[in-house]
Amino acid sequence: MGKIIDVDSRSSVIIQIICEVREADLESVMEGSRKADCVDARRLSQVMIHRYLGHTYSYIAKLFKRDHSTVSHSHRKHKELMMTDSGYAIVSGACECIIQEKGFVKKSADRHVLLDMLIDMQKKLNILEEEIKLLKDADT
């Protein structure tokens, strides 16, 4: 694989992992090839760089010589594909496993995931409060 120019080293590692898993040519991914393997690798790279390094859409857009709205679209498309394309979801999961094995830790979480977690916690809190009330009532 060739070198990535003007990319920070941690982003470079993520991009290289994804290119290897996706079997996409690194230069083609960075140069904007429209081949399916390159488009998928670029999309996954943008999502994983945001997720694991916490870089903004604007920063990621500069890495790939794109507009921040293109990166935003990539994130929306990624979410859609994760729900509808099992092959894409498997490749994405494989990339995440390797990225985590390399010591990367998630820096950002999707708002809807956090909201779902908050709702679940609130439900559990309500159940605990009801159980405490029942125990207090049983003691009296």
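Preceding this paragraph is the structure being described.
Residues numbered from 1 in each chain as written. Predicted model: local features only at pLDDT ≥ 70, side-chain atom pairs only at ≥ 80, totals over all residues. Heavy atoms only, no water.

*Asks:* Please provide a residue-by-residue account of helix H3 (residues 36–53), values included.
*Replies:* The terminal C-alpha atoms of H3, which comprises 18 residues, lie 25 Å apart, in line with the 26 Å expected from a rise of 1.5 Å per residue. With 15 of its 18 residues buried, H3 lies for the most part within the structure. A positive backbone phi angle near 75° is found at Gly54, which sits one or two residues after H3. (Helix = DSSP H or I, 4+ residues; strand = E, 2+ residues; numbered from the N terminus. Expected span 1.5 Å × (residues − 1). Buried < 20%, exposed > 50% of the residue type's maximum accessible area, 1.4 Å probe, protein only.)

*Asks:* Would you mind going over the nonpolar core in detail, with residue names and values included?
*Replies:* Judged by nonpolar contacts, the single largest core of 26 residues is most densely connected at Ile14, Ile18, Ile49, Phe64 and Ile99. At the level of elements, helix H1 (9–22), helix H2 (26–31), H3, helix H4 (57–63), helix H5 (68–84) and helix H6 (86–101) are the ones that each hand at least two residues to this core. Ignoring sequence-local partners within four residues, the contact set of Phe64 consists of Ile15, Val29, Met30, Arg42, Ser45, Gln46 and Ile49. (Core = buried A, V, L, I, M, F, W, Y, C linked by side-chain atoms within 4.5 Å. Contact = heavy atoms within 4.5 Å.)

*Asks:* Describe the packing of H1 against H6, with residues and values.
*Replies:* The N-to-C vectors of H1 and H6 enclose an angle of 135°; their axes lie 10 Å apart at closest approach. Our classification of the angle between H1 and H6 gives oblique. Two packed elements cross with a definite hand, and for H1 against H6 that hand is right-handed. In this structure, H1 contributes Ile14, Ile17, Ile18, Val21 and Arg22 to the contact, and H6 contributes Val91, Ala94, Cys95, Ile98 and Ile99. A per-class count over the contact of H1 with H6 returns nine nonpolar, no polar and one charged. (Axes fitted to C-alpha atoms, helices over the stretch in contact; angles between N-to-C directions. Parallel < 35°, antiparallel > 145°, perpendicular 65-115°, else oblique. Left-handed = near helix turned anticlockwise from the far one by under 90°. Nonpolar A, V, L, I, M, F, W, Y, C, P; charged D, E, K, R; others polar.)

*Asks:* Summarise the packing of H3 against H5; cite the residues concerned and give the values.
*Replies:* In a pair of packed helices, the angle between the axes and the distance between the axes together describe the arrangement. Running from amino to carboxyl end, H3 crosses H5 at an angle of 100°, the nearest separation of the two axes being 9 Å. Here H5 runs roughly perpendicular to H3, going by the angle between their axes. Within the contact between the two elements, H3 uses Arg43, Leu44, Gln46, Val47, His50 and Arg51 and H5 uses Thr70, Val71, Ser74, His75, Lys77, His78 and Leu81. Looking at the contact of H3 with H5 residue by residue, the class counts come to four nonpolar, six polar and three charged.

*Asks:* Provide a residue-level description of unusual backbone geometry, including the pertinent values.
*Replies:* In this structure, Glu23 is a non-glycine residue whose phi angle is positive, near 55°. On the basis of relative accessible area, Glu23 is assigned to the exposed category, the value being 68%. Notably, Lys65 is not glycine yet its phi reads approximately 55°, a positive angle. Tracing the sequence through the fold places Lys65 in the loop between H4 and H5. For Lys65, a relative accessible area of 67% corresponds to the exposed category.

*Asks:* Could you give an account of the pattern of salt bridges, with specific residues and numbers?
*Replies:* Inspection of every chain in the model, using the stated rule, returns four salt bridges. Linking Asp40 and Arg43 is a salt bridge whose minimum nitrogen-to-oxygen distance equals 2.7 Å. In this pair, Asp40 and Arg43 both sit in helix H3, three residues apart, roughly one turn of the helix. Each member of the pair, Asp40 together with Arg43, is buried. Here Glu96 makes a salt bridge to Arg51, at a shortest N to O gap of 2.9 Å. Placement of Glu96 in helix H6 and of Arg51 in helix H3 is noted, with a sequence separation of 45 residues between them. We classify Arg51 as buried; its relative accessible area is 13%. A network of salt bridges, in which partner residues are shared, links Arg22, Asp40 and Arg43. (Salt bridge = Lys/Arg side-chain N within 4 Å of Asp/Glu carboxyl O.)

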